[in-house]
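Chain by chain, the residues:
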Amino acid sequence: MSRKVEARREHHVDFQLAFADISALRFGLSPGHELCFAVRSMLVPQAHPLQWGWFRTVRSAAPTDAFRLLSDVIGVDSYMPDFLSATPSGDMTASDEIERLLAVPDERIAYDLEKVFSRSREARQARIRRLIDDPASARGAITDAWRTVWDAVLAPHWEQLTRVARADIAVRARQVADLGLGAMIAGIHETITWNDGVVRVRTRFHSETVDCAGNGLVLVPSVMMAGRGCAVITEKPAVPALFYPAHGVTTDWHNRGQSTATALGALLGEGRARLLLQLDHPCSTTQAAAAAALSVSTASHHLGVLRANGLVDSARDGPRVLHVRTPLGEALVVNR
């Protein structure tokens, strides 16, 4: 006897990019997204093996009540509220996310939480309903929980996490120069394809076509999310965003800060190593010197050596000269 097997429907989100969108395509960082996936990693560590080393360092530090509230709101899988992640930018901080969370309108809080409610059951559903019934109080409680959990589990590792993410961005930027934009995008993850101005992301639960409408698309490397798939934000007022697993994440990604400084010090000298580690963002010579605890003259000399060897770029900005790590410098910082 034959049995008819229904084929599983493939879901995907298509980001349609016009010329204005391609010119506005950019990379960003998202503290909110990273915190959401940090919570999910702690809820189901077996699904996030690359986070086991980090998990062992933070599992006893998570504040119980705050973590429980975020766990209800975020869940272990599928949809999480869009209001937890602002439109990512290259210099977004945890303080920026908190300030934005406090400004989310009541109706947006309720709208996103209704989606969570529809995907919940029993006791969790009842707790989500109480949040929906008083969105102003929910916003305050979620923001407080966000801040508390952030300080306990991600703040101590944020500097190193951003190094890993920026190294990924540096690699992607080099790929654009060497291979072109389409090849770079198609190489981000196995679930992503590029065809004739459309970025298609294979998804697990829904299909959608998104006209980026001149806003561009923000590509966001994520250290905390599992490697099996990507995530998207498509609903306004956020700019369309695509979150993907960052390249080069290993089980000891969280533990490289001290070893990086030691290894770079042996390679470059302590002063140059300290300078290189400070240049996550463009800094003037004076700013870099102060951050690395060096005199301005010593910092200027070291920056010249780093620049001559391809680890630092320098450019004039009015009366100042700003310095930032090159892709080679990023790779060296992350991979030592």
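Residues numbered from 1 in each chain as written. Predicted model: local features only at pLDDT ≥ 70, side-chain atom pairs only at ≥ 80, totals over all residues. Heavy atoms only, no water.

Turning our eyes to something else, we now look at the overall build of the protein. Within the protein one finds 15 helices and eleven strands. Taken over C-alpha atoms, the radius of gyration comes to 22 Å for the protein, in line with the 20 Å a tight globule of 336 residues would show. With respect to the three principal axes, the spread of C-alpha positions in the protein is 75 × 45 × 45 Å. Each of the 336 residues in the protein was classed as buried or not, and the buried ones make up 49%. Within the protein, counting contacts between residues at least 6 apart in sequence, those at least 24 apart form 72% of the total. As displayed, the protein has an accessible area near 16,300 Å², and 52% of this comes from carbon and sulfur atoms. Placing the 37 positive and 36 negative side-chain charges of the protein at their respective mean positions leaves the two points 5 Å apart. (Helix = DSSP H or I, 4+ residues; strand = E, 2+ residues; numbered from the N terminus. Rg over C-alpha atoms; globule rule 2.2 N^0.38 Å. Buried < 20%, exposed > 50% of the residue type's maximum accessible area, 1.4 Å probe, protein only. Contact = heavy atoms within 4.5 Å. Areas by Shrake-Rupley, 256 points an atom, 1.4 Å probe, with all protein chains shown as cover. Lys, Arg positive; Asp, Glu negative; His and termini not counted. Charge placed at Lys NZ, Arg CZ, Asp CG, Glu CD.)

What follows covers helix α6 (residues 106–118). Along its 13 residues, α6 runs 18 Å from first to last C-alpha, staying within 8% of the 18 Å computed at 1.5 Å per residue. Listing the buried residues of α6 in full gives Arg108, Ile109, Ala110, Asp112, Leu113, Lys115 and Val116. Of the surrounding secondary structure, the elements contacted by the buried residues of α6 are α4 (64–74), α7 (122–133) and α8 (135–154). (Expected span 1.5 Å × (residues − 1).)

Here the focus is the confidence of the model for the protein. Overall, the prediction assigns the protein a mean pLDDT of 89, with 95% of residues at 70 or greater. No element of the protein has a lower mean pLDDT than helix α11 (residues 257–268), which averages 73, and none a higher one than α8, which averages 97. When the criterion is pLDDT under 50, residues 1–7 qualifies, and its contacts beyond four places in sequence or with other chains add up to zero contacts. (pLDDT = per-residue confidence, 0-100.)

Before going further, it helps to spend a moment on the nonpolar core. Among the nonpolar cores identified, the biggest contains 57 residues, and Trp54, Leu84, Val153 and Leu154 are the most heavily contacted of them. If one sorts the elements of this core by residue count, α8 sits on top with nine residues. Apart from the residues lying within four places of it in its own chain, the contact partners of valine 153 are Leu35, Met42, Trp54, Val58 and Ala62. In this structure, Leu264, Leu275, Leu279 and Ala299 belong to the second largest nonpolar core, which totals 18 residues. (Core = buried A, V, L, I, M, F, W, Y, C linked by side-chain atoms within 4.5 Å.)

In this section: the side chain of histidine 48. Within the secondary structure, histidine 48 sits in the loop between α2 (31–43) and α3 (52–58). Only 3.3 Å separates the side chain of histidine 48 from the side chain of serine 41, close enough to count as a polar contact. The contact partners of histidine 48, leaving out residues within four places of it in the chain, are Phe37, Arg40, Ser41, Met224 and Ala226. (Polar contact = N/O pair within 3.5 Å; in protein donor to acceptor, adjacent residues only side chain to side chain.)

This brings us to the sheet that holds strand β1 (residues 11–16). Taken together, the four strands give an open sheet; going across it, the order is β3-β4-β1-β5, and neighbouring strands pair in mixed fashion. Both outer strands of the open sheet, β3 (192–195) and β5 (208–211), are each paired with one neighbouring strand and no more. Ignoring which end each strand starts from, the neighbouring axes of this sheet average 20° apart. (Pairing = 2+ DSSP bridges. Axes fitted to C-alpha atoms, helices over the stretch in contact; angles between N-to-C directions.)

We now examine α4. Counting buried positions along α4 gives eight out of eleven residues, so the element sits mostly inside the fold. Of the residues one or two after α4, glycine 75 is the one with positive phi, at around 75°.

A separate point is the pattern of salt bridges. Here the idea is simple: oppositely charged side chains can pair when their charged atoms come close. Here the structure, examined in full by the defined rule, presents 17 salt bridges. With a shortest N-O distance of 3.3 Å, arginine 108 and aspartate 112 are connected by a salt bridge. Placement of the pair is arginine 108 and aspartate 112 together in helix α6, with a separation of four residues, close to one helical turn. For arginine 108, a relative accessible area of 15% corresponds to the buried category. Close ionic contact of glutamate 270 with arginine 274 constitutes a salt bridge, the shortest N to O distance being 2.9 Å. (Salt bridge = Lys/Arg side-chain N within 4 Å of Asp/Glu carboxyl O.)

By the element assignment, glutamate 114 lies in helix α6. Residue class for glutamate 114 comes out partly exposed when judged on its relative accessible area of 34%. If sequence neighbours within four positions are ignored, glutamate 114 has contacts with Arg129 and Ile132.

Glancing now at the packing of aromatic side chains. One pass over the full model with this rule turns up two aromatic pairs. Between tryptophan 146 and tryptophan 150, the aromatic rings sit 5.3 Å apart at their centres with planes inclined by 10°, giving stacked as the arrangement. Taken as a pair, tryptophan 146 and tryptophan 150 lie in helix α8 at a separation of four residues, close to a single helical turn. Take tryptophan 146: its relative accessible area is 1%, and that puts it in the buried class. When its relative accessible area of 5% is taken as the criterion, tryptophan 150 is described as buried. In this structure, arginine 40 packs its charged tip against the face of phenylalanine 37, placed 5.5 Å from the ring centre. The cationic tip of arginine 129 hangs over the ring face of phenylalanine 117; the distance from NZ or CZ to the ring centre is 4.4 Å. (Phe/Tyr/Trp six-rings, centres within 6.5 Å; stacked < 30°, edge-to-face > 60°. Lys NZ or Arg CZ within 6 Å of the ring centre and 35° of its normal.)

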